[in-house]
Structure formats: C-alpha cells, structure tokens
Amino acid sequence: MKLQQSALKTHLQKTLAPIYLISGDEPLLVQESCMGVREKADQCGYGERQVLTVEANFDWNLFWRQARSLSLFSQKRLLELRLSKNGVGAKGSKALLAYCQAIDTDLCVLVVMPKLEARSTTAKWFKAIENEGVVVQIWPIDRKQMPQWITQRLQDLQMTADPVAIELLVGSVEGNLLAADQAVEKLYLSYGAGHLSLDEVSKTIHNTAHFNVFQLLDSALTGDAERVVMISHSLQQARIEPAIVLWAIARELRLLAHVSYDMKQGKRFEDLCQSYHVHYQRQQLFRQVLAKYSTQFFYRLLRGAKKVDEVIKGVKVAHVWQELLQLYLALAGVHLLAAKRR
C-alpha cells in the first residue's frame with residue numbers, strides 16, 4: 001500500500017509490514033520515517049539489524065544471500081538497503097521483485113532511497129513492494145505548508161503559538177525543515193509546554209538560524225572556516241544526527257563533481273545548473289567554488305566522506321564529529337585532510 005509520511009506513525013502503531021520503501025530528499029522526514037520502522041521492528045522482536053549500502057557495481061546477490069541467511073543472534077532480522085541516486089538498476093529490480101514473490105516472515109526489509117523518478121513508480125519491483133508492503137514517498141514541505149507543519153510539531157510537544165509568532169518562525173527558517181525542527185526543540189527546552197508569546201519566539205529564533213546543517217554547508221562553500229567550526233560545534237551540542245550532517249556535504253560534493261566533470265567536457269555551466277536543478281540563488285556560489293577547485297578535489301573529499309560514513313556505521317573507529325569537521329574545513333580551504341586543491 002501507499003502511505004503519506006504523516007500516516008506512517010498510525011500504521012506502525014497497528015502492525016509491521018514485511019517490506020518498506022521510503023523515498024525522498026527531505027533528510028529529516030526520511031530519518032524519522034526510518035526510525036519509526038526500526039523502533040516498531042525492535043518492539044516486534046526483530047532483534048538484529050543489518051545494513052547494505054547500494055552503490056555503483058553493488059552485488060545484488062549479497063542482498064539475496066543476506067535475505068536468505070540464518071541469523072546468529074536473533075530469529076527475526078531487520079535488513080536495510082540504502083540506495084543512491086543511481087536507483088536499483090536491472091539487477092536490483094530483479095532481486096527486489098524476486099524477494100517480494102518469496103517474502104520471509106522472519107525478515108523485515110527497509111529500502112531507503114532518494115526521490116523516485118516518475119517512471120520508477122510504474123516498474124514491476126515498485127509495484128511488488130507496494131502490493132506486499134508499504135511505500136512512503138516523502139515530498140518537500142513548501143512555504144504554504146510550513147505553518148501547519150510547525151504548528152503540528154508544537155502540538156506534539158503540547159505547545160501552541162499565535163499565528164503571527166508561527167509566521168515569524170516560518171520566515172526565520174526559510175523553508176529548512178531541519179532548522180524548523182531545531183527551533184521547535186529549542187523553544188520547548190526554553191519554555192516547556194504551554195502557549196508561546198511572540199516575544200518568546202522572537203528571542204529564540206535570533207540564535208536558531210545558526211543551528212542548521214545547510215548554513216554549515218554554505219559556510220564551507222564560502223570558505224568561512226571560523227563559522228564552520230562554530231556551527232559544527234553548535235550542531236554537535238544540539239545532538240544533530242551525524243548522518244544528516246554527512247548527507248548534506250556528500251550530496252553537494254557529488255553535485256559539484258558532476259558539474260565540474262561535465263564542464264570539462266565542454267558543457268555550459270548554465271545548462272548544467274538547469275539539468276542538475278541548481279537553484280538560481282546558489283549558482284553564483286557554485287560558479288565560485290568550481291573555479292576554485294578541480295574535479296579531482298571533489299572526488300578526494302568524497303573519499304573522505306566515505307570514511308566518515310564508515311565511522312558512523314562502526315566499520316572504522318574515530319571521533320565522528322572531528323572527522324566531519326575536517327571534511328567541512330577541507331571544503332572551506334583548510335586542508336586538514338589529505339586533499340589538495342589542484
């Protein structure tokens with residue numbers, strides 16, 4: 001079945017499907033949806049969790065072996081497939097379709113991927129997951145929806161605010177859900193449950209704008225190393241998930257690498273911005289960064305991002321926030337990583 005992201009919580013209170021597909025480019029909502037499935041699986045006795053990251057040249061036989069293998073630790077398992085923009089591909093389509101035709105009741109599969117192209121929603125593998133499990137396609141929250149979204153967040157914490165205070169809050173976060181969520185959390189920590197005055201919201205949002213991952217990214221892109229350090233520390237103090245901080249820079253590095261490579265092939269910057277959906281307000285910043293660094297530089301930092309991902313997953317041992325800071329500082333021009341500009 002297909003579910004709205006807002007309906008997933010109610011669904012999970014009642015049951016756990018054998019397979020879930022969660023797709024979208026809103027990291028906060030994707031993360032919360034995945035957490036809901038993980039928590040429900042844990043409650044239902046799926047005591048072991050395995051994660052497979054699907055990248056280029058991924059061996060889909062590995063998914064099939066994991067899906068059919070016996071667990072050493074728990075009778076029931078949660079198996080996560082994290083896909084990139086490349087999609088599932090022909091082999092992945094066959095593997096997912098085959099699995100949906102032979103569901104294992106002792107296994108819950110969670111497929112997580114970026115926003116799906118329209119043509120993917122008519123594919124056999126997609127229809128199979130829709131028939132056997134649950135599909136949640138997460139769409140961006142636009143400016144008109146933000147007041148209601150923030151109001152609901154406040155209500156979840158037993159808080160209310162006048163419409164003018166909510167509009168002030170909406171304007172301060174500029175459509176950034178992560179920043180909005182952090183602002184609501186900060187309001188709750190500052191004032192607790194109850195009604196918020198315009199003055200209370202105004203005082204709080206003065207500092208809230210410094211606590212979002214996109215401002216950290218922009219600070220790195222503009223070369224403001226001091227601000228990178230400050231915002232990184234703030235995000236760590238606010239207990240933002242490192243995976244979200246990594247997602248932001250990895251996505252940007254992949255985009256910069258693609259555009260840089262295509263420009264070397266003679267393609268026009270303006271055409272590439274349209275092709276890769278670079279917002280016009282960010283195009284000048286992109287142009288400056290692309291003039292500053294080479295294609296190889298972006299790929300080096302992507303390898304650094306892969307290391308951070310391994311730290312987050314526990315494959316490597318290191319201080320994850322220090323690794324993230326080094327990665328962002330490298331993009332800002334402070335070369336703590338083994339990466340050079342040219």
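Residues numbered from 1 in each chain as written. Predicted model: local features only at pLDDT ≥ 70, side-chain atom pairs only at ≥ 80, totals over all residues. Heavy atoms only, no water.

## Some details on the packing of aromatic side chains
Then step 1. The tally for this structure, following the rule as stated, stands at eight aromatic pairs.
Then step 2. On the basis of an interplanar angle of 90° and a centroid distance of 5.2 Å, the ring pair of Phe58 and Trp60 is categorised as edge-to-face.
Then step 3. Classification of Trp60 by relative accessible area gives buried; the value is 7%.
Then step 4. Arranged with centres 6.1 Å apart and planes meeting at 85°, the rings of Tyr293 and Phe298 form a pair that is edge-to-face. By the burial criterion, Tyr293 is buried, and Phe298 matches it.
Then step 5. The rings of Phe58, Trp60, Phe63 and Tyr99 are connected pair by pair, giving a single aromatic cluster. (Phe/Tyr/Trp six-rings, centres within 6.5 Å; stacked < 30°, edge-to-face > 60°. Buried < 20%, exposed > 50% of the residue type's maximum accessible area, 1.4 Å probe, protein only.)

## Some words on the nonpolar core
Most often, soluble globular proteins have nonpolar side chains that are buried together.
Then step 1. By size, the foremost hydrophobic cluster in this structure holds 87 residues, and its most contacted members are Tyr20, Ile150, Val245, Phe298, Tyr328 and Leu331.
Then step 2. In this structure, Val245 is in contact with Val213, Leu216, Leu235, Ile240, Trp321, Leu324 and Tyr328, ignoring residues within four places of it in sequence.
Then step 3. In this structure, Leu21, Leu52, Val54 and Leu107 belong to the second largest nonpolar core, which totals 26 residues. (Core = buried A, V, L, I, M, F, W, Y, C linked by side-chain atoms within 4.5 Å. Contact = heavy atoms within 4.5 Å.)

## Brief notes about the pairing of strand S5 (residues 107–113)
Then step 1. With respect to burial, S5 is a largely interior element, seven of its seven residues being buried.
Then step 2. Burial of the side chains of S5 extends over both faces: Leu107, Val109, Val111 and Met113 are buried on one face and Cys108, Leu110 and Val112 on the other.
Then step 3. Judged from the six bridges that link them, strand S4 (residues 77–83) and S5 form a sheet pairing that is parallel. Within S5, the position partnered with Arg82 by the bridge is Val112. (Helix = DSSP H or I, 4+ residues; strand = E, 2+ residues; numbered from the N terminus. Pairing = 2+ DSSP bridges.)

## As for the sheet that holds strand S2 (residues 19–24)
Then step 1. Spatially, S1-S6-S2-S5-S4-S3 is the arrangement adopted by the six strands of the open sheet, whose pairing is parallel. In the strand order of this sheet, the two ends are held by strand S1 (2–3) and strand S3 (48–54), each with one partner.
Then step 2. Bridging between S1 and strand S6 (residues 134–138) involves two bridges; their strand directions are parallel. Residue pairing in the sheet places Leu3 in a bridge with Val136 of S6.
Then step 3. With respect to the sheet, helix H3 (residues 60–68) is in contact with S3, S4 and S5, its orientation differing from that of S4 by roughly 165°. (Axes fitted to C-alpha atoms, helices over the stretch in contact; angles between N-to-C directions.)

Nothing here speaks to function; it is geometry throughout.
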